[in-house]
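Listed below are the residues making up each chain.
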Amino acid sequence: MSTLLLVCVLLYSRISNGVAREWKPCTDLLPLDFLAKVLPANGVAPSGIRMVQDQGASGFHLSTSQGSPSFPASHLFINCDYFPEEFSIVVTMKASRIASKKNEYIFTVVEKDSNNLLLGLRYSQDKLHFLFWNYGDRDHITFRSVKLADNRWHTLILAVSGVYASLTVDCGIPVDLVLRRPFPAHLNTKGSRFHIGNRRRLKGLFSGLLRQLVLLPGSDATSRICPTSNPRLAVLSIPQVLLDLPVKPSENEVLKYPYEAEIRVTLGSRPPCTKKQTGQLWFDTLRRGLYICDSLGWVAMLQAKQRLDYVEEYQDLYTNSETLDIEIFEIPSVGLFAATANKRPVPGSGIYKWTNGKFEPYQNITTYQAQAWKYFTIDDKIFLAVANFEKNERNQEYSVIYKWSRRRLKFSSYQTIETHSARDWESFQIEGETFLAVANHRQGGNHNIDSVVYKWNPGTQLFEANQTIPTSGAYDWEFFTVGPYSFLVVANTFNGSSTQVYSRIYIWLGGMFRLFQSIMTFGATDWEVFQFGGRVFLAVANSQKYDKSGQSSYAINSTIYELNITAQIFVRFQDISTYSAVDWEFFTLGEDKFLVVANSYDGKSYSLNSVIYRWQGYEGFVPVHRLPTFGCTDWEKFNTTDSSYLIYSSAREDISKVLKLKTY
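The paragraphs below set out a description of the structure included in this document. (Residues numbered from 1 in each chain as written. Predicted model: local features only at pLDDT ≥ 70, side-chain atom pairs only at ≥ 80, totals over all residues. Heavy atoms only, no water.)

**With respect to the overall build of the chain**
Basically, it comes down to this: Going along the chain from the N terminus, every DSSP run of H or I of four or more residues is numbered as a helix, and every run of E of two or more is numbered as a strand. We compute the radius of gyration from the C-alpha atoms alone; for a globule the expected value is 2.2 Å times N to the 0.38, where N is the number of residues. Between buried and exposed lies partly exposed: a residue is buried under 20% and exposed over 50% of the maximum accessible area for its type, with that area taken using a 1.4 Å probe on protein chains only. Contacts are residue-level and defined by heavy atoms, with any inter-residue pair within 4.5 Å sufficient.
Along the chain, the regular secondary structure elements total 3 helices and 53 strands. Relative to the compact-globule value of 26 Å for 664 residues, the chain shows a C-alpha radius of gyration of 29 Å, a close match. If one aligns the C-alpha atoms of the chain with their principal axes, the spans along those axes are about 100 × 65 × 50 Å. Burial statistics for the chain: of 664 residues in total, 54% are counted as buried. Restricting to contacts in the chain with at least 6 residues of sequence separation, those with at least 24 account for 51%.

**Details of unusual backbone geometry**
For residues besides glycine, phi is generally negative; the peptide bonds are generally trans as well. Cis geometry marks the peptide bond from cysteine 226 to proline 227, where omega comes out at 0 degrees. Counting through the fold element by element, proline 227 comes out in the loop between α2 (222–225) and α3 (240–243). One non-glycine residue, cysteine 171, adopts positive backbone phi at about 55 degrees. Within the fold, cysteine 171 resides in the loop between β14 (164–169) and β15 (175–178). Judged by relative accessible area, which is 10%, cysteine 171 ranks as buried. Positive phi values are uncommon outside glycine, yet asparagine 356 reaches one of about 50 degrees.

**Focus: the state of the cysteines**
Here is the rule we go by: Only a pair of cysteine sulfur atoms within 2.5 Å qualifies as a disulfide here.
Throughout the structure, instances matching the rule amount to 2 disulfides. Put simply, cysteine 171 and cysteine 226 are joined by a disulfide, and their sulfur atoms are 1.9 Å apart. Of note, the bridge from cysteine 171 to cysteine 226 carries an S-S torsion of about -75 degrees and is left-handed in sense. Taken together, the residues cysteine 171 in the loop between β14 and β15 and cysteine 226 in the loop between α2 and α3 connect sequence positions 55 residues apart. Note on accessibility: cysteine 171 and cysteine 226 belong to one class, buried.

**Concerning the sheet that holds strand β37 (residues 474–482)**
Basically, it comes down to this: Two strands pair under a simple rule: DSSP has to find at least two bridges between them. The convention used is that axes are lines fitted to C-alpha atoms, helices contributing only their stretch in contact, and that angles between N-to-C directions extend from 0 to 180 degrees.
The strand order across the open sheet formed by 4 strands is β37-β38-β39-β40, and the pairing between neighbours is antiparallel. In the strand order of this sheet, the two ends are held by β37 and β40 (512–522), each with one partner. This sheet shows a mean twist of 20 degrees between the axes of neighbouring strands, independent of strand direction. Sheet analysis places strand β38 (residues 485–492) next to strand β39 (residues 500–509), joined by 4 bridges and oriented antiparallel. In the sheet register, phenylalanine 487 faces β39, and the bridge partner there is isoleucine 507.

**As for the pattern of salt bridges**
Keep this limit in mind: Salt bridge criterion: a side-chain nitrogen from Lys or Arg within 4 Å of a carboxyl oxygen from Asp or Glu.
Tallied over the full model, the rule gives 18 salt bridges. Taking the shortest distance from any N to any O, the salt bridge between lysine 374 and glutamate 426 comes out at 3.6 Å. Taken together, the residues span a long stretch of sequence, with lysine 374 in strand β29 (residues 370–378) and glutamate 426 in strand β33 (residues 422–430) at a distance of 52 residues. Assigned by exposure class, lysine 374 and glutamate 426 land together as buried. Among the ionic contacts, a cluster of salt bridges with common partners joins Asp137, Asp139, Arg180 and Arg181.

**Describing the sheet that holds strand β52 (residues 644–650)**
Two modes of strand pairing occur in sheets, parallel and antiparallel, and in both the strands are linked by backbone hydrogen bonds. With antiparallel pairing, the 4 strands of this open sheet are ordered in space as β24-β53-β52-β51. Strand pairing shows two members of the sheet lacking a second neighbour, β24 (308–318) and β51 (632–639), which therefore form its edges. Pairs of neighbouring strands in the sheet enclose a mean axial angle of 25 degrees, with direction left out of account. Sheet topology note: the β52/strand β53 (residues 655–663) ladder contains 5 bridges and is antiparallel. When the sheet's bridge partners are listed, isoleucine 647 is paired in β53 with valine 658.

**Here's the deal with the pairing of strand β34 (residues 433–440)**
Within β34, 7 of the 8 residues are buried, leaving the element largely enclosed by the surrounding structure. Judged from the 8 bridges that link them, β33 and β34 form a sheet pairing that is antiparallel. Each bridged residue has a counterpart across the sheet, and for phenylalanine 428 the counterpart in β34 is phenylalanine 435. Connecting the antiparallel pair β33 and β34 is a turn made up of 2 residues, with glutamate 431 showing a positive phi of about 50 degrees. Note that β34 and strand β35 (residues 448–457) share 4 bridges and pair antiparallel. Of the residues in β35, the one forming a bridge with valine 438 is valine 452.

As structure tokens, this is what we get:
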């Protein structure tokens, strides 16, 4: 019998009446659910345990002031008293931020009489610690840069075998450590108890929610539960009561488990949907629909079917000068805004507020041939970053991050960052940390320069350079996630001699972005990612074909790529004829899915039709509406309590147009 099969085992043999008894492990080689052990079979909740629903999942909150949830080790180790030599522990938990030097215990094994800690799992602000008694000495394993206290659900798998320990968080890339000596083969648990969420003391009490706490003797549980469509809530064994939906008790019935739901229903215009709002509900009064946030977007739960009928002109938005980009955003309790990236520095770029059914001027900010705005938040702070293409009056080449003042209700300069003919900013979060990526287009006449990924430093409260990435006339960054993996794709436009240049997709591995795939593009100006039905698409806007011969072609195909999960590569899905395309915008209306392209120039005229395409399943995207535009550079879709709209910017005139989507 192999060591791997007997990991949690003390094999023994006795002779009784001349018959040798079979060899047995100390416990079953099946998932052992710690939480189920502290929940009585009669269904009556022990005092101090409450069931709480948050972000779409239920977990237990443990109040140790009313008694420590615990059970004897002998309830698990039925044939002998030894803890497994090889095992894995699966935990699903949600914890709020804690002080930097504070530790909280997930579980411990403590000797009843001496109060000696035999084994325990605890976490701090950015670490996970596994403690164990090893032949008379206290030993421990520390996994660093593990951010569990971020108010989000996480599933972690700790696997131990001999001198090796590995940690997998949310079905991501395992982190392996080598122990200074093997995990003990004979860790005696006789007379000890398992304590859930504490170590039999008031110090280090677990303050979060526990959904899963399982010991799997003899094997690594990772292959059993990963990959999965919801890696933060991966399942090995969860108490049934956490899987059941709460029901309304009858008049004379008392709920078996105290139940709390941290769910809010928001009314009105579309609120933000990020990881922070996961599980929250939004009722769209206009469309009579109920939606739930899945961290990526609002998913319809109940919805009256709505179809796009036609598009009508709604508002001429007079801008300070020609507009390269529009950013639509909503500041909670303040309102809906549009920031326009304008060409001329005076009066600069404009911010407009939706007032009485239309956009009205709100604030002007001095910019230098602004190319794009990016709105983002960090905790309760609100920021707006502009990509400046030209130097300022002091001959300095800076882009600027502005911060929203809740007192003045205005944006003011917060941080300047040196950039080089910046075309775009992209903001994103990975593992609870915030990043900003700038697309540096050229430095002087050199288009082959580095673009930079900046990372927010919570200590200095500033963005600092984190990684440089070689680019060629970078025009746009697009961040997206697929399962536990994070990607960043750049639109490379020009390498100094030709627009036929590789645009590149990067994947986040080992704390940095690494090349994942290169795709040949032609003056690429934009990437748009969208996902539905379990499929992942990337659409590139190709602007022109140009090479050393001096010949330019603006009537070229832009392409939609689809991720082939098996091959782990994006493959060509559909070519669409475009005219110097500068932007794609994906949006949904009811159950329908649409793409609208910004056609800007055909070699002779800027007066062109930009086109709305509708998803038709097997046929792909087919044209359904042709919209007259003039030098169109950007499309954005937004919703109000009254209707849905599209807005487009023009790089050839001082007017952007708001269009209303009429439905039936």
